[in-house]
Amino acid sequence: MTDKTKHLKEKLREMQERGEVWELRRLNGPTGPRAIVEGREMIVFASNNYLNLAGDPRLREAAIEAIKKYGWGAGSDWSIAGYTDLQDELHKKIAEFKKTEAGLAFQTGLTTNIGTIAKIVGRGDVVLSDELNHGSIIDGIRLSRADKVIYKHLDMGDLEDKLRQVHDKYEHILIVTDGVFSMDGDVAPMDEIVKLADEYGAMTYVDDAHGEGVLGGGRGIGVEFGVEDKIDFQMGTFSKALGSVGGMLAGDAETIEYVRNTARTWLLSAAYPPAVTAANIKSLEIVLSEPERVKRLWDNTKYFKKEMESMGYNTGNSQTPIVPAIVGDTKKVRELAHRLFEEGIFVLPIVFPMVPRGTERIRNQINADHTREDLDKVLEAYERIGKELGII
Ligand SMILES: *Cc1c(COP(=O)(O)O)cnc(C)c1O
């Protein structure tokens with residue numbers, strides 16, 4: 001019998017040879033600024049858990065209470081018979097958090113993007129998309145069958161040129177961008193994007209996955225730039241700073257109602273367990289009521305970034321708690337990551353095709369509850385090993 005998946009296995013082997021296969025690291029307990037990884041305690045510098053909410057006792061407690069009251073599974077899609085009063089409360093909380101009229105939860109951020117973008121534009125429309133947008137945005141655009149025009153990363157001049165080229169030819173235009181870009185930690189100028197969108201009659205969509213809990217006092221990029229009522233679609237996720245899982249969408253009431261009635265990922269996929277809903281509500285409450293948490297995150301970020309730069313590391317255009325150490329050499333970045341890991345610092349090398357060749361890096365992600373000793377230990381190791389390897 002012929003092996004019908006032989007070509008896939010060959011592709012896998014090629015990926016293995018190029019070092020493109022993810023090696024999984026096993027955590028043996030909760031994640032936090034520190035965690036037990038492969039049996040030993042490490043400083044975690046590779047997690048999206050910016051505000052240290054993933055292990056927060058109040059989220060656990062909210063989930064446990066919800067399990068007692070609602071059981072485990074939701075029993076159905078939200079659209080059919082899996083919608084609870086808790087879910088209703090979460091939708092209101094999302095709107096309050098984002099300062100919009102309405103909010104909607106999805107299973108994940110990825111399904112929010114794919115399901116929403118596929119239905120808000122279609123054949124005969126055009127999407128203008130930043131060249132470094134997240135893969136789930138790219139997939140959503142593909143599913144929509146709208147035409148796609150890529151503009152240069154954060155280049156407002158290029159965005160305007162492209163708007164000028166398309167605005168007569170298409171009925172509807174959508175500008176879509178990540179808020180915070182996950183590999184570089186740089187930020188989209190939402191005030192300028194919204195202004196251009198107004199001039200050319202385009203809708204705007206921002207993916208705030210790495211902005212919530214970080215920008216705008218924790219509320220995200222819309223509030224950061226004071227344009228929360230001018231962005232048509234604010235998408236987000238509970239899986240990063242909010243320490244949980246689940247996607248969200250915020251906007252005006254009728255637009256959200258339209259998405260809820262058309263997005264296949266909302267209509268045709270199961271509700272997550274009510275315990276997740278309860279934890280997500282609690283997480284939004286904590287971010288709003290504990291601004292000092294966001295402040296600690298920024299204090300740590302500023303300290304770490306300044307010290308890395310003064311040692312001679314290239315942190316690119318980082319403006320957020322994503323602080324890359326750009327090495328620009330696959331072998332060296334792997335060696336650096338390996339050495340840091342050996343010293344109890346959980347980082348991962350990020351190489352082509354995740355980032356362009358020549359910009360291979362370690363992506364450091366800061367936690368609000370990293371102590372000064374944690375940061376100093378990491379900085380000392382970066383300095384010593386970086387010098388040994390001739391990086392700085
Ligand atoms: C993580 C991420 C997503 C996906 O969110 P999940 O809730 O983890 O599915 C989407 N967009 C961006 C920019 C992200 O960083």
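From a predicted model like this one, the values you see are computed outputs, not experimental measurements.

Q: Teacher, can you tell me more about the overall build of the chain here?
A: A count of helical and extended segments in the chain gives 14 helices and 13 strands. Against the 2.2 N^0.38 benchmark of 21 Å for 392 residues, the chain shows a C-alpha radius of gyration of 22 Å, consistent with a compact globule. Over its C-alpha atoms, taken along the principal directions, the chain stretches across nearly 60 × 60 × 55 Å. Of all 392 residues assigned to the chain, the portion counted as buried reaches 53%. Look at the contacts in the chain between residues 6 or more apart in sequence, and 70% of them connect residues 24 or more apart. If you average the places of the 51 positive and of the 63 negative side-chain charges in the chain, the two averages end up 5 Å apart.

Q: Could you clarify how one ought to interpret the packing of aromatic side chains in this entry?
A: Any aromatic ring pair is given by two values, namely how distant the centres are and how the planes are angled relative to each other. Inspection of every chain in the model, using the stated rule, returns seven aromatic pairs. Between Phe304 and Tyr382, the ring centres sit 6.4 Å apart and the planes meet at 65°, which makes this aromatic pair edge-to-face. Of this pair, Phe304 sits in helix α12 (residues 291–311) while Tyr382 sits in helix α14 (residues 372–388), placing them 78 residues apart in sequence. The class for Phe304 is buried, based on a relative accessible area of 0%. Judged by relative accessible area, Tyr382 falls into the buried class, the value being 0%. Site record: aromatic cluster; members linked through ring pairs are Phe45, Phe304, Tyr313 and Tyr382. A cation sits over an aromatic face here: Arg372 above Tyr303, 3.7 Å from the ring centre.

Q: Is there a simple way to explain the domain arrangement of the chain in this structure?
A: Interfaces are often sized by the accessible area lost when the parts come together. Domain boundaries in the chain define domain 1 (11–44 + 291–388) and domain 2 (57–289). Here the C-alpha centre of domain 2 lies 27 Å away from the C-alpha centre of domain 1. At the interface, 19 residues of domain 1 touch 20 residues of domain 2. Across the domain 1/domain 2 interface, buried area totals approximately 1,400 Å², and carbon plus sulfur atoms make up 58% of it. Considering only the side of domain 1, the residues that lose the most area to domain 2 are Val294, Thr320 and Ile322, jointly responsible for 29% of the buried surface there.

Q: Teacher, can you tell me more about the side chain of Lys240 here?
A: Position of Lys240 among the secondary structure elements: in the loop between β8 (233–237) and β9 (247–251). Despite being buried, Lys240 has no salt bridge partner; Asp207 is the closest side chain of opposite charge, sitting 6.6 Å away.

Q: Just checking my understanding: could you explain the sheet that holds strand β1 (residues 34–37) for this structure?
A: The three strands lie next to each other as β1-β2-β11, forming an open sheet whose pairing is mixed. Each edge of the sheet is formed by a strand with only one pairing partner; in this case those strands are β1 and β11 (345–346). Bridge count for β1 against strand β2 (residues 40–44) is four bridges, and the pairing is antiparallel. Paired with Arg34 across the two strands is Ile43, which belongs to β2.

Q: How should I be thinking about the site of the ligand in this particular structure?
A: Residues in contact with the ligand, as listed here, are Thr108, Gly109, Leu110, His134, Ser136, Asp178, Asp207, Ala209, His210, Thr237, Ser239 and Lys240. A distance of 2.6 Å separates an oxygen atom of the ligand from a polar atom in the side chain of Thr237. When the residues that make up the shell around the ligand are grouped by side-chain class, the tally is two nonpolar, seven polar and three charged.

Q: Would you mind showing me how to read the side chain of Thr265 here?
A: Secondary-structure assignment places Thr265 in helix α10 (residues 264–267). Judged by its relative accessible area of 17%, Thr265 is buried. Of note is the side chain of Thr265, whose polar atom sits 2.7 Å from the backbone oxygen of Thr111. In this view, Thr265 contacts Phe106, Gln107, Thr111 and Gly115; residues no more than four positions away in its chain are not counted.

Q: Is there a simple way to explain the sheet that holds strand β12 (residues 349–350) in this structure?
A: Backbone-to-backbone hydrogen bonds pair the strands of a sheet. The strands run either parallel or antiparallel. Spatial ordering of the open sheet is given by β10-β13-β12, a layout of three strands whose pairing is antiparallel. Two strands lie at the open edges of the sheet, namely β10 (322–326) and β12, each paired on one side alone. Of the pairings in the sheet, the one linking β12 to strand β13 (residues 361–365) comprises two bridges and is antiparallel in character. Each bridged residue has a counterpart across the sheet, and for Pro349 the counterpart in β13 is Ile362. Across the sheet, α12 lies against β10 and β13, angled at about 15° from β10, the strand it touches most.

Q: Whenever I open this one, the environment of Leu340 confuses me. Can you help?
A: Examined against the element boundaries, Leu340 turns out to sit in helix α13 (residues 330–342). Since its relative accessible area comes to 0%, Leu340 is described here as buried. Spatially, the C-alpha atom of Leu340 lies 8.0 Å from that of Ile385, the residues being 45 residues apart in sequence. Ignoring anything within four residues of it in the chain, the contact list for Leu340 reads Ile345, Val347, Ile362, Ala381, Tyr382 and Ile385.

Q: Help me out: how do you make sense of the pairing of strand β7 (residues 203–207) in this one?
A: Every regular strand shows the same layout, with side chains that alternate between the two sheet faces. Across the five residues of β7, four count as buried, placing the element largely inside the fold. Across five bridges, the pairing between strand β6 (residues 173–178) and β7 is parallel. Directly across from Val176, in β7, lies its bridge partner Tyr205. The parallel pair β6 and β7 is bridged by helix α7 (residues 190–200), and the resulting crossover is right-handed.

Cut-offs applied
- Residues numbered from 1 in each chain as written.
- Predicted model: local features only at pLDDT ≥ 70, side-chain atom pairs only at ≥ 80, totals over all residues.
- Heavy atoms only, no water.
- Helix = DSSP H or I, 4+ residues; strand = E, 2+ residues; numbered from the N terminus.
- Rg over C-alpha atoms; globule rule 2.2 N^0.38 Å.
- Buried < 20%, exposed > 50% of the residue type's maximum accessible area, 1.4 Å probe, protein only.
- Contact = heavy atoms within 4.5 Å.
- Lys, Arg positive; Asp, Glu negative; His and termini not counted.
- Charge placed at Lys NZ, Arg CZ, Asp CG, Glu CD.
- Phe/Tyr/Trp six-rings, centres within 6.5 Å; stacked < 30°, edge-to-face > 60°.
- Lys NZ or Arg CZ within 6 Å of the ring centre and 35° of its normal.
- Domains from an automatic or database assignment.
- Buried area = accessible area lost by both parts, 1.4 Å probe.
- Salt bridge = Lys/Arg side-chain N within 4 Å of Asp/Glu carboxyl O.
- Pairing = 2+ DSSP bridges.
- Near = heavy atom within 4 Å.
- Polar contact = N/O pair within 3.5 Å; in protein donor to acceptor, adjacent residues only side chain to side chain.
- Nonpolar A, V, L, I, M, F, W, Y, C, P; charged D, E, K, R; others polar.
- Axes fitted to C-alpha atoms, helices over the stretch in contact; angles between N-to-C directions.
- Right-handed = clockwise from strand over helix to strand, strands pointing away.

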